[in-house]
Amino acid sequence: MSSSPDNNYRFEQAGASDDSIQQVHAQLQKQKPDKKNGYSFLPLGVLGLMCSSVFFGSIYLAHYSVRFDPLVVNESAKREKPGAVVVTAVPPAVLGKKVFTTICAACHQVTGLGVPGIYPPLAGSEWAQGNEERIIRIVLHGLNGPITVEGKDYTNAMASLGTVLKDEQIANALTYVRQEWGNKAPEVKAETVARIRAEVGPRTAPWTSAELLKIGQ
Ligand code: HEC
């Protein structure tokens, strides 16, 4: 770059002479890495550290992250082994609702209120929430004759359902009945239904309420 003394005066930056540039270059040249000693290991070490943190970081993520979906990630989610089948048990009352609506609701109604004078209510019923020994027998073998439910008398008959329904279906339906519409009574187990079925044996005659009231007194 040629420069007149005038320019030198105005723009000192641009005033470097060829000599001065060469001097600066010579100095920079001296600072280049010493070929004999090779490259400094510091930048290589830093590079190595970065590589390994990316490497182990991705292993960590692959192992501990759930999915790379911001809507799905749940840090407290349990990690299941890949291919494991997760079985969530359906509550007995939920299974029992199906049996109830397909079979029992025809008479006792979906509301559990029954039909006045004909079908007694299960909602609020002292029988439904009472001794399980009695109501299991009603469903297994049927009920005949007078019965008082919530202070009202019914003289009708309920057919036996023991040959139509399995132990588990009876248990689930009764569990539903005992825990729906504000009813509060413990679950009925399929084992209890099986035990009573075996204890009673081959009975075809329906129960009477007087007979049932003697059980579990
Ligand atoms: C065909 C109609 C009919 C069906 C279906 C029926 N019931 Fe009944 N149920 C009756 C009648 C009628 C009585 C009262 C019988 C009597 O008057 O002696 C009764 C009585 C009862 C009682 C005792 C009284 C009460 O109201 O608490 C229970 C408990 C009961 N049923 C539960 C069930 C369950 C559970 C089912 C389904 C698995 C079922 N019933 C299906 C008609 C039926």
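Conventions and cut-offs
- Residues numbered from 1 in each chain as written.
- Predicted model: local features only at pLDDT ≥ 70, side-chain atom pairs only at ≥ 80, totals over all residues.
- Heavy atoms only, no water.
- Near = heavy atom within 4 Å.
- Polar contact = N/O pair within 3.5 Å; in protein donor to acceptor, adjacent residues only side chain to side chain.
- Helix = DSSP H or I, 4+ residues; strand = E, 2+ residues; numbered from the N terminus.
- Nonpolar A, V, L, I, M, F, W, Y, C, P; charged D, E, K, R; others polar.
- Buried < 20%, exposed > 50% of the residue type's maximum accessible area, 1.4 Å probe, protein only.
- Contact = heavy atoms within 4.5 Å.
- Core = buried A, V, L, I, M, F, W, Y, C linked by side-chain atoms within 4.5 Å.
- Donors = N, O, S within 2.8 Å, 3.2 Å for Na, K, Ca; no water.
- Tetrahedral: all angles 85-135°; square planar, octahedral: opposite > 155°, others 65-115°.
- Axes fitted to C-alpha atoms, helices over the stretch in contact; angles between N-to-C directions.
- Parallel < 35°, antiparallel > 145°, perpendicular 65-115°, else oblique.
- Left-handed = near helix turned anticlockwise from the far one by under 90°.

**With respect to the site of the ligand**
In the region of the ligand, 28 residues are neighbours, and Cys104, Cys107, His108, Gly145 and Met158 sit closest. Between His108 and the ligand, the recorded distance is 2.8 Å, taken from a side-chain N or O atom to a nitrogen atom. Pro121 is positioned with one of its backbone polar atoms (N or O) 2.7 Å from an oxygen atom of the ligand. Those elements that place two or more of their residues in the shell around the ligand are helix H4 (92–108), helix H5 (132–141), strand E1 (143–149) and strand E2 (152–158). Looking at side-chain class alone, the shell around the ligand contains 22 nonpolar, six polar and no charged residues.

**Observations regarding the side chain of Thr175**
Here Thr175 is to be found in helix H6 (residues 167–179). Take Thr175: its relative accessible area is 1%, and that puts it in the buried class. Once residues within four sequence positions are removed from consideration, Thr175 is found in contact with Pro92, Ala93, Glu187 and Val188.

**Quick look at the nonpolar core**
Among the nonpolar cores identified, the biggest contains 23 residues, and Ile136, Ile170, Leu174, Val193 and Leu212 are the most heavily contacted of them. When residues of this core are assigned to their parent elements, the largest contribution, five residues, is made by H5. Setting aside its immediate chain neighbours within four residues, Val193 contacts Ile136, Leu140, Asp167, Ile170, Ala171 and Val188. The next biggest cluster of nonpolar side chains, apart from the first, holds seven residues, and it includes Phe100, Ala105, Tyr176 and Val177.

**A look at the coordination of the iron atom of the ligand**
Bound to the iron atom of the ligand are the protein donor atoms His108 (NE2) and Met158 (SD), situated 2.0 to 2.1 Å from the metal. Each of the six donor atoms around the iron atom of the ligand contributes to a set of angles spanning 88 to 179°, which defines the coordination as octahedral. With His108 in helix H4 and Met158 in strand E2, the pair connects residues that are 50 residues apart, well separated along the chain. Its relative accessible area of 12% is what places His108 among the buried residues.

**Some thoughts on the packing of H5 against H6**
Contact geometry of H5 with H6 gives a least axis separation of 11 Å together with a crossing angle of 125°. Judged on the interaxial angle alone, H6 and H5 are oblique. The chirality of how H5 crosses H6 is right-handed. Contacts between H5 and H6 involve Glu132, Ile135, Ile136, Val139 and Leu140 on the former and, on the latter, Ile170, Leu174 and Arg178. Classifying every residue of the contact of H5 with H6 by side-chain character gives six nonpolar, no polar and two charged.

**Quick look at the packing of H6 against helix H7 (residues 190–200)**
Where H6 meets H7, the axes come as close as 8 Å, and the angle between the chain directions of the two elements is 120°. If you check the angle between H6 and H7, you find them oblique. In terms of crossing hand, the pair formed by H6 and H7 is right-handed. Seen from H6, the contacting residues are Asp167, Glu168, Ile170 and Ala171; seen from H7, they are Ala190, Val193, Ala194 and Arg197. Tallied by class, residues from the contact of H6 with H7 come to five nonpolar, no polar and three charged.

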